[in-house]
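# Coordinates in review
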Amino acid sequence: MNTTLLLYFNDQWRRIDLYEDLPISLTIQELDITDFQTRKSAFSKVFTIPATSNNSNWFEHYYEVNGTDFNPLVKIPAVVQYRGTDIFNGVLRMNSVIINSVSSIDFEVYLMSDVGDFISEIKNLTLADLDYTDLVHDLTYDNVVTSWSATTNDTDGLFGGQIIYPLINDGLIYPGTGSTPDWNYRFDTATGFDNPSYPVPPTSFKPAIRIKSIIDRLFDKTSYKLKSEFFETDYFRSIYMSMFNNGQIGLGTQDSNDQVNQNIFKAFSTQQTIEYKGARSFPFRFSKRLPGSYDPLNNFYNTNNGTFQAPYQGTYYFNLRFNYQSHDILQISGNFNIVVKKGTDPTNLKNGFLVYQSPKYDLGIGFSGLKKGSPNLFFDVAMSPGEYIGIFIEEYNAYSAIGYSKPPGRYTISPYNDLGIDDDNIQYDLYNGPPLLTGNTVNVKSGVEDMNAADFLRNIATMFNLVFIQDENDKSILITPYNWYYNEEDRVERDWTQKLDLNSTYKIEPLSFDLSKEINFQYDVGSEEYLNKIFEDQNDYTYGRYRFVSDSNLLTGEKDYTLNFAATPTTSVLNAPNFIIPAVYREENSYKELPYSSKSHIFFWVGNRYAYKDIYKQIPGYWYMLSGGTAIQQTTYPCVSHLSTIDVQLPSLVSDLSFGSTFDFFGNFNDQPVQFTQYNLYDTWWRDYIENNYSNETRRLTGRFFLKPIDLYETQLTDKIYIKDSFYRVEKITDGNLIDNNLTEVSLIKEIGGYYKITPPAPFYPIAPNQAYPGIPLAVNFTGYTGTTSTPVCNGTASTEPLVLFGSLPLSNLDEIWYDTGGYYTPLPIGTYLRNISDTQLFLVIDKQGRILEQNC
């Protein structure tokens, strides 16, 4: 035989006897990477193998296949070799045992690609189920300001930048029935926040969480590891999601008792009969899926047999109650007790630190017959944030009984029934937890949107046109944008012109017949949110939408890509057109700004911006924030926006989280920042893909190709397949044979243009929180290289010019550079590259004032 089947038993690969060579085939399709929720196995096959002594030895040992007693859910790692070379890796399971006669038995088995089940691991998870205990903190002035130091690394800011506190107008506080708020987001008014008598309290802020942090925590809940160069870019790491979208100011209003009572849970276990084995420890299993369970903070986990994770420092008070009864009247020895252990690894609590041990409960024979009891246990445990606790049953003495060497000694654990209490299930609850540290303790688990984890990934995939490449060999998932995966410079060209079978029927058809006439890429409606409502009332669509319409008169229908997030338009603060913030309140009676927002928003952390009042950044502005009882003056404010920066007038340096660039509300008062850029979501991540598919020249070629096993082994979805005079990409290869040369059905998509790896511009963070305004700069003359392209400026072949710096050398971000023409100064034009001939750092002029930003040579 040319093929060999190897199965992994007991840490060794074992050869299995076959009736005949296995015809191994596989399917390769683009759908496997573009829709991670419908991933299919590339290969599956049912076949029979003989019950030889070799096979029976291993199968009966692993499956216990004595007759028909086997577990069909067990799978075994499998490898198929062709003439000694591995051609297939997957898993094998037992389907059935076929008894032909007394002396003739076959095993029917199922061999398949082990694509894993990533989606099943996350489909029942919500974002609120993820672990955020390391992010618990108090909402204080110091923490809010610390968060403003965030950059795109893992060290700056609060929790390494995972949490920021942006300035967003979420609404105002109106005391009593009066119409005047305690303060407002306005300059030069009686109660404006530029007045030290009306500072903004820290409790008015809501935290936002870095999207990358959520994705990391999601993968921590699975058996897969994440691989993504894209997620590590400064562009992606600067994107955040709002939290506590509760229609209230800040975290919301709760009295202290409500906050304390949230730190509790109740879980149950059903009756179970246990075979006594002695000298062992095993988990007491609990779940919060039974009626009556509760867990407000989502810190009790059904996985790992039911473990609780402490969200706060303090003493936790638990109650466990159950009944027990022995079953074997002949048993003369045997006992058990309950032990409680804690640790930081929920999968290894058995070896954790012992924190409680109950009395021993005797299961031996007594004068009154079978032993039974009703333990009602109360214990308390001192725990730190992030520590886990688990409950175990420990059996002690080896079993012994009258007249039997190995009798089936058993005992039952059942619901508590004693002293007038008759429980429906075995009960385990935390009846008192430590109080929240203050009335403003931030528990991210309570603030993050309760969105399904798979839906969250689908939303992120929609924004950036992501593909998911799953690798079961190392249990990883590569996530990357479509145009990065098909990057033209990385693709391999393969000539299949001679492989197309011209004697078989093949078909060439327009791809567009399967497509919708219109595609809408859009955020969800903002409902009553102030800016979104204005936009949606004036238009019939949401802010930041992009609508693609095919020019074909044959296509019909619409397809919507709608996110679960609301758009984030921004506007200027009254009397300060350069102070730009989102406004998500609900307007009532044309003047009241009431808390409203109930949807998450996605935005860039733009960083700290000087609070200049005028559009030309000449008039310093100040606002005040409360620290304890003191109003602290602020020269900068923490800015978030759908735009990556609001301080640049060069579109090539600005990214936009809108699908289509849309005129923003601040533009009614300030025309200096760039609003339209080629780096919006559609132009950056979708345009090439959509236009390629909808082109009049795009075709689908379906035919039979003569492919060798080596062709299938080497072919990747990213390959460019050349046929006659055109390049194609693989849409689907159906049942390609890995053993023999064969005619294989293949579907290819003709490519009109290439795909290229684009890294959009990210925000830059040159200003520290509350950094002093620049003083009146001195004019410093120097000589520099200048040009409209970077290469000659970098290599020193560009022309040199006498320049003047308003500041001090060396050059740094946001310095102003002007031409020096004999005492008459003019700013360098936007888009000019320059370099001091004495330095190596390249800069680019980004606005009309000649301000510069670092670039790479």
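The residue count restarts for each chain, going from 1 along the sequence in the order it is written. Reporting of local features is limited, given that this is a predicted model, to residues whose pLDDT is at least 70; pairs of side-chain atoms are given and counted only at 80 or more, and all residues count toward the totals for whole chains, interfaces and linings. Calculated side-chain values reflect all of the structure's heavy atoms, with hydrogen atoms and water omitted.

Within a beta sheet, neighbouring strands are joined by backbone hydrogen bonds and run either parallel or antiparallel to one another. Read across the sheet, 4 strands follow the order 14-28-19-24 without closing on themselves; strand pairing throughout is antiparallel. If you trace the sheet from one side to the other, it starts and ends with strand 14 (272-275) and strand 24 (372-373), each paired once. By this definition, two strands are paired if DSSP reports at least two bridges between them. A run of H or I in DSSP becomes a helix once it reaches four residues, and a run of E becomes a strand once it reaches two; helices and strands are each numbered from the N terminus. In terms of strand pairing, strand 14 meets strand 28 (residues 410-414) through 4 bridges, oriented antiparallel. For T273, the partnering residue across the bridge sits in strand 28 and is T412.

By convention in this document, the label disulfide applies to cysteine sulfur atom pairs within 2.5 Å. Within the structure shown, the criterion is met by 1 disulfide. The disulfide partner of C794 is C857, and the gap between their sulfur atoms is 2.2 Å. One disulfide, between C794 and C857, carries an S-S torsion of -95° and so falls in the left-handed class. Of the two residues, C794 is situated in helix 14 (residues 790-795) and C857 in the segment after strand 58 (852-855); the sequence distance between them amounts to 63 residues.

A few words on the pattern of salt bridges. Close approach of charged atoms allows side chains with opposite charge to pair. Definition used for salt bridges: Asp or Glu carboxyl oxygen within 4 Å of a side-chain nitrogen of Lys or Arg. Tallied over the entire structure, the rule returns 34 salt bridges. As a salt-bridge pair, E229 and K757 come within 2.8 Å of each other at their nearest N and O atoms. Placement of the pair is E229 in the loop between strand 11 (225-227) and helix 6 (234-237) and K757 in the loop between strand 51 (742-750) and strand 52 (779-787), with a sequence separation of 528 residues. Accessible area is worked out with a 1.4 Å probe on protein chains only. A residue is then buried under 20% of its type maximum, exposed over 50%, and partly exposed in between. Using a relative accessible area of 37% as the deciding quantity, one classes K757 as partly exposed. R851 is paired through a salt bridge with D847; the nearest N and O atoms lie 3.0 Å apart. The same class applies to R851 and to D847, which are both buried.

Here strand 44 (residues 602-610) lies mainly inside the structure; 9 of its 9 residues are buried. Pairing between strand 44 and strand 47 (residues 636-641): 6 bridges, direction antiparallel. Among the inter-strand pairings, W605 is bridged to a residue of strand 47, identified as V640.

Turning our eyes to something else, we now look at a nonpolar patch on the surface. Patch membership requires more than 30% relative accessible area and the absence of a salt bridge. Residues of like charge join within 9 Å; the nonpolar side chains Val, Leu, Ile, Met, Phe, Trp and Tyr join within 5 Å. Here the accessible surface of atoms and residues is derived via Shrake-Rupley with a 1.4 Å probe, and residues count as covered only by protein chains that are part of the display. A grouping of Y317, F378 and Y431 is seen on the molecular surface, where their side chains present a nonpolar patch of about 310 Å² in accessible area. Relative to the helices and strands, F378 is located in strand 25 (residues 376-383).

The next subject is the confidence of the model for the chain. The score called pLDDT rates the predictor's confidence residue by residue, from a low of 0 to a high of 100. For the chain, per-residue confidence averages 87 on the pLDDT scale, and 91% of positions sit at 70 or higher. Should any heavy atoms of two residues lie within 4.5 Å, those residues are counted as being in contact. A low-confidence stretch, residues 253-261 stays under pLDDT 50, and its non-local contacts, those more than four residues away or across chains, total 10 contacts.

What follows covers the packing of aromatic side chains. Planes of paired rings set the category: under 30 degrees apart is stacked, over 60 is edge-to-face and the rest tilted, where pairs are Phe, Tyr or Trp rings (Trp by its six-membered ring) whose centres lie within 6.5 Å. All chains considered together, the criterion is met by 71 aromatic pairs. An angle of 70° between the planes, with centres 4.7 Å apart, marks the rings of Y482 and Y689 as edge-to-face. You can see Y482 sitting in helix 10 (residues 482-485) and its partner Y689 sitting in helix 12 (residues 681-694), a full 207 residues away along the chain. In this pair, the class of Y482 matches that of Y689, namely buried. Looking at K720, its charged tip hangs above the ring of F727, at a distance of 4.3 Å from the centre. Ring-over charges, as used throughout, are those where CZ of Arg or NZ of Lys falls within 6 Å of the ring centre and within 35 degrees of the ring normal.

Let us now look at the nonpolar core. Inside soluble globular proteins, nonpolar side chains tend to come together where they are buried. In plain words, nonpolar cores are sets of buried Ala, Val, Leu, Ile, Met, Phe, Trp, Tyr and Cys residues tied together by side-chain atoms within 4.5 Å. Membership of the largest hydrophobic core comes to 171 residues, with the highest contact counts inside it found for F464 and F579. Looking at this core element by element, the count peaks at 8 residues for helix 9 (residues 453-464).

Moving on, we get to the sheet that holds strand 57 (residues 842-845). Taken together, 7 strands build an open sheet; the order of strands is 55-54-53-52-56-57-58 and the sheet is antiparallel. Each having just a single partner strand, strand 55 (825-827) and strand 58 make up the two edges of the open sheet. Strand-to-strand twist of the sheet, defined as the mean angle between neighbouring strand axes without regard to direction, takes the value 45°. The pairing of strand 52 with strand 56 (residues 833-836) spans 4 bridges and is classified as antiparallel. From the neighbouring strand, G787 faces strand 56, where its bridge partner is Y833. Every axis in this analysis is a line fitted to C-alpha atoms, fitted for helices over the stretch in contact. Angles between the N-to-C directions lie between 0 and 180 degrees.

For the rest of this paragraph, the subject is the side chain of D664. When you line up the elements, D664 lands in the loop between strand 47 and helix 12. The side chain of D664 is buried and forms no salt bridge, while R609, the nearest opposite charge, is found at 11 Å. Excluding residues within four positions of it along the chain, D664 makes contact with Y543, P569, T570, H642 and Q675. A residue counts as positive if it is Lys or Arg and as negative if it is Asp or Glu; His and the chain ends are not included.

Next up on the list: helix 5 (residues 211-220). Note: α-helices contain 3.6 residues per turn, so residues at a spacing of three or four share the same orientation. The element helix 5 is extensively covered by neighbouring structure, given that 8 of its 10 residues are classed as buried. For helix 5, the complete set of buried residues consists of I211, K212, S213, I214, I215, R217, L218 and F219.

Take the environment of D86 next. Tracing the sequence through the fold places D86 in strand 6 (residues 85-101). Counting along the chain gives 83 residues from D86 to T3, while the straight-line C-alpha distance between them is 9.6 Å. Leave out the neighbours within four places in its chain, and D86 touches V79, V80, Q81 and Y713.

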